[in-house]
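# Coordinates in review
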Amino acid sequence: MQQKKVVVLGAGVIGLSTAVMLAETHQFNVELWAKEFTPNTTASDLSGGLVYAPGIVSSELGLSSLEEYRKLLNEKAIGVNLVPSVMLFRSMMSPNYLVCLLNLMKQHVDSGWRMATTEELRGAAGGIAGLIPIVCLPKYLPYLMERFKKAGGVTKHIHVTDLKDSASIADIIVNCTGLGAKELFGDDKVVPICGQIVALDHSEVSKFPILYYDEENPNGYCYYFPREDGGLLGGTRDIGWEYAKVDPKKSEEIISRINNLLPELKITSETIKKEWVGIRPGRIGGFRLEYEAPKSNTECPIVHNYGHDGLGVSWSWGCAKKVVELV
């Protein structure tokens, strides 16, 4: 029996994970089409790579992804590591919120999760601490690409602008185009969410190897990710393409917030290695993960998997598994 041809559009972490999962079933002929591949994608290559704790334990997609990341922790040189972390909460949503979150983290992520100490809180109302996965995308994406090819997958460097005769392209198309879904599929809910990052040299990470995530910092969104390729400082969440270029003032504000939160780092202009802006594929109302039946004989079925905002890394494998079910 001839295998169905599946074309996955988009080669970010969502598209690559999906292509790998489909190819490794050995039930399909899988091709991965994209305008850009790693290291030139606008979102995944520039992502901080945090496997976001509440995003993991609050959904089956996150838990399913965590299962896959656990398998990868024993792999060498692919960029998936467990790091000590502190998640801060400035506004206590309910007396039991942290207790419930902590129990979920202990159950699903690592049994060593605990309440943060007074010193670790840095003035925040509450917090939890423990080991959490972080992904170094410059290493991880090439690993996914090689894994896809080893499973028999084929890549094609192409900018798709029209799918009117999609049945002539494939038996099934999987749409992982992220921001490209606005133009290619007419989804006006898709929005670019820009995040500016300041990177420190790798030598600086050894001085303070603890990840800090302070989303509710009174001075603005604030995080420090100690990755194996250097320390990443952030962040910003600006909607619109006009924020897609590095703003020196925003970098100054990011550095100021981090120095106030973590004075041990003593960040100066000499310790900064690089600055960039990653563009998250946001979508008003949330991401889209569903099957769309063909509307005519010239079209093929499409499975949509895009619009994950900053949870692409956290939910990539869970969404990929769901795509396999829908295909």
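Preceding block: the structure.
Spatially, the 6 strands line up as an open sheet ordered 6-2-1-7-15-14, and their pairing is mixed. Of all strands in the sheet, those bounded by a partner on one side alone are strand 6 (154–157) and strand 14 (288–292). Going from strand to strand, the sheet's axes swing by 20° on average, the running direction of each strand aside. Alignment of strand 1 (residues 4–9) against strand 2 (residues 28–34), held across 6 bridges, turns out to be parallel. Pairing of K4 across the sheet is with F28, part of strand 2. Lying on the sheet, helix 1 (residues 13–23) is in contact with strand 1, strand 2, strand 7 (172–175) and strand 15 (302–306); it crosses strand 2 at an angle near 165°. Its contacts with the sheet place helix 10 (residues 312–326) against strand 7, strand 14 and strand 15, and it is angled at close to 10° to strand 14.

Once that is clear, we can look at the environment of D187. By secondary structure assignment, the location of D187 is in the loop between helix 7 (181–184) and strand 8 (190–200). Overall, D187 belongs to the buried group, its relative accessible area being 7%. Taking the C-alpha atoms as reference, D187 lies 23 Å from S47; in sequence the two are 140 residues apart. Discounting residues that sit within four places of it in the chain, D187 has contacts with A181, K182, R283 and Y306.

This structure, assessed with the given rule, holds 18 salt bridges. Of the charged contacts in the structure, one is a salt bridge between E67 and K321, with a shortest N-O distance of 3.8 Å. One end of the pair, E67, is in helix 3 (residues 60–72); the other, K321, is in helix 10, with 254 residues separating them in the sequence. Because the salt bridges share partners, they merge into one network encompassing E67, E68, K71 and K321.

Take the state of the cysteines next. Evaluated as defined, the whole model comprises 0 disulfides. C176 takes part in no disulfide bond, and the closest cysteine sulfur, belonging to C319, lies 9.0 Å away.

Core analysis: the biggest nonpolar cluster contains 66 residues, and V8, Y69, I128, Y140, L144 and Y213 have the highest contact counts within it. Top element by residues in this core is helix 1. It accounts for 8 residues. If we ignore the near neighbours within four places in the chain, the residues touching Y69 are V51, V80, V135, Y140, V313, S316 and W317. Within the second largest apolar cluster, 21 residues are counted, among which are A116, L121, Y224 and L233.

To continue, consider the packing of helix 1 against helix 6 (residues 137–150). Where helix 1 contacts helix 6, the axes come no closer than 9 Å and their chain directions differ by 25°. Looking at the two axes, helix 1 sits roughly parallel to helix 6. For the crossing formed where helix 1 meets helix 6, the hand is left-handed. Across the interface between the two elements, V13, L16, S17, A19, V20 and A23 from helix 1 touch Y140, L141, L144, M145, R147 and F148 from helix 6. Broken down by class, the residue content of the contact of helix 1 with helix 6 amounts to 10 nonpolar, 1 polar and 1 charged.

We now examine the pairing of strand 10 (residues 222–227). Counting buried residues in strand 10 gives 6 out of 6 residues, a clear majority hidden from the surface. Burial along strand 10 is two-sided: the face carrying C222, Y224 and P226 and the face carrying Y223, F225 and R227 are both buried. The pairing of strand 9 (residues 211–214) with strand 10 spans 3 bridges and is classified as antiparallel. In the sheet register, Y213 faces strand 10, and the bridge partner there is Y223. Hairpin connection of strand 10 to strand 11 (residues 230–234): 2 residues between the antiparallel strands.

The next subject is helix 10. The largest bend in helix 10 comes to about 30°, at G318. Every buried residue belonging to helix 10 is among G312, V313, S314, W315, S316, W317, G318, C319, A320 and V323, and all of these are buried.

This part covers the packing of helix 1 against helix 10. Where helix 1 meets helix 10, the axes come as close as 8 Å, and the angle between the chain directions of the two elements is 35°. For helix 1 against helix 10, the interelement crossing comes out right-handed. Residues V13, I14, S17, T18, V20, M21 and L22 of helix 1 lie in contact with helix 10, whose contacting residues are G312, V313, S316, W317, A320, K321, V323 and V324. A breakdown of the residues in the contact of helix 1 with helix 10 according to their chemical character gives 10 nonpolar, 4 polar and 1 charged.

Turning next to unusual backbone geometry. The omega torsion of the bond from T38 to P39 falls at 15°, within 30 degrees of zero and hence cis. Take P39: it is sitting in the loop between strand 2 and helix 2 (53–57). Across the junction of G234 and G235, the peptide omega takes the value 5°, indicating a cis bond. You can see G235 is positioned in the loop between strand 11 and strand 12 (238–239). The backbone of R122 shows a phi angle near 55°, a positive value even though the residue is not glycine. Locating R122 in the fold gives a position in the loop between helix 5 (118–121) and strand 5 (126–135). Not every positive phi belongs to a glycine, and K266 is a case in point at roughly 50°.

What counts and how
- Residues numbered from 1 in each chain as written.
- Predicted model: local features only at pLDDT ≥ 70, side-chain atom pairs only at ≥ 80, totals over all residues.
- Heavy atoms only, no water.
- Pairing = 2+ DSSP bridges.
- Helix = DSSP H or I, 4+ residues; strand = E, 2+ residues; numbered from the N terminus.
- Axes fitted to C-alpha atoms, helices over the stretch in contact; angles between N-to-C directions.
- Contact = heavy atoms within 4.5 Å.
- Buried < 20%, exposed > 50% of the residue type's maximum accessible area, 1.4 Å probe, protein only.
- Salt bridge = Lys/Arg side-chain N within 4 Å of Asp/Glu carboxyl O.
- Disulfide = S-S within 2.5 Å.
- Core = buried A, V, L, I, M, F, W, Y, C linked by side-chain atoms within 4.5 Å.
- Parallel < 35°, antiparallel > 145°, perpendicular 65-115°, else oblique.
- Left-handed = near helix turned anticlockwise from the far one by under 90°.
- Nonpolar A, V, L, I, M, F, W, Y, C, P; charged D, E, K, R; others polar.
- Bend = angle between axes of the 7 residues up to and from the residue.

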